[in-house]
Structures are given as structure tokens and as C-alpha cells.
Amino acid sequence: MAILTEKQYVAEGGGKCPVCKDTDIVGGSTDYIGDTIIQEIHCQVCQASWNDLYKLDGYEFHDYDGVGRPQALLQDVLDRPIAGLASWPAS
Ligand SMILES: [Zn+2]
């Protein structure tokens, strides 16, 4: 049984030992360098150790009110003048 290449490991989503393919693995501490997070992983079955590498892939706002609007965006909308209000009451 061949050791998974890095490409195969990523394609299969990680989560298992690249050597013995067992899922009895434990993740250790994480560290990050630049846009990469590194996590030490250890296989409980064959004792292999490796690092999983996570690359920054984007960002997303935290939900604010359940529909994904963050406070800053909501405030920006609230601060906008309401069309027609400046001329109210109409004479
Ligand atoms: Zn293993």
C-alpha cells in the first residue's frame, strides 16, 4: 500500500494517515506562517507524524442577524439618507 502523495491526500480531504490510511489520527497544536496554518498530526496506528497545511482561501462575515448582515454593513445602510426625507414635509 503506497503512501499517499500530497496531491492525493488533499484530493481525499485529509482526515486520515497518508501512510496506513487509518483515521485514528490526532491533531496537535497549530501555528501559522504568513497565510498558511500548520497543524501537527500524529497517527495512533503506525506512529507516522506529519503537518497538515491550510492556506487562506477567502473570508466571510459572521452572521449578525441570522441573514448574514454584519453590523458594519447594517449601520452603513441605516446611516444613508432616506430619499425624499430631506424635502419632507412637502409644502
Ligand atoms: Zn498511520
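The structure displayed is predicted, hence computed values, not measured ones.

A.B. asks: Got a minute to help me understand the pairing of strand E3 (residues 49-55) in this structure?
C.D. replies: Two faces make up the sheet, and in a regular strand the side chains alternate between them. Inspection of the sheet shows strand E2 (residues 36-43) paired to E3 by 7 bridges, in the antiparallel sense. Within E3, the position partnered with Ile 41 by the bridge is Trp 50. Where E2 folds back onto E3 in an antiparallel hairpin, the turn is made up of 5 residues, including Gln 47, whose phi is positive at roughly 70 degrees.

A.B. asks: What is the right way to read the sheet that holds strand E1 (residues 25-33) from this model?
C.D. replies: Within a sheet, neighbouring strands are paired by backbone hydrogen bonds and run either parallel or antiparallel to one another. Read across the open sheet, the 3 strands follow the order E1-E2-E3; overall the sheet is antiparallel. Two strands bound the open sheet, and with one partner strand each, they are E1 and E3. Here the strands of the sheet are splayed against their neighbours by 25 degrees on average, with no regard to which way each runs.

A.B. asks: Whenever I open this one, the pairing of E1 confuses me. Can you help?
C.D. replies: Note that E1 and E2 share 7 bridges and pair antiparallel. Bridge pairing in E2 places Gly 27 opposite Ile 41. The turn joining E1 and E2, which pair antiparallel and follow one another in sequence, is formed by 2 residues; a positive phi near 60 degrees is taken by Gly 34.

Criteria and thresholds
- Starting from 1, residues in each chain are numbered consecutively following that chain's sequence as written.
- Local features are withheld for residues below a pLDDT of 70 in this predicted model, meaning they are given only at 70 or higher, and side-chain atom pairs are given and counted only at 80 or more; totals for whole chains, interfaces and linings count all residues.
- A pair of strands is labelled paired if DSSP reports no fewer than 2 bridges between them.
- Secondary structure elements follow DSSP: runs of H or I no shorter than four residues count as helices, runs of E no shorter than two count as strands, and numbering proceeds from the N terminus.
- Lines are fitted to the C-alpha atoms to define the axes, a helix being fitted only along its stretch in contact, and any angle between axes, read from their N-to-C directions, falls within 0 to 180 degrees.

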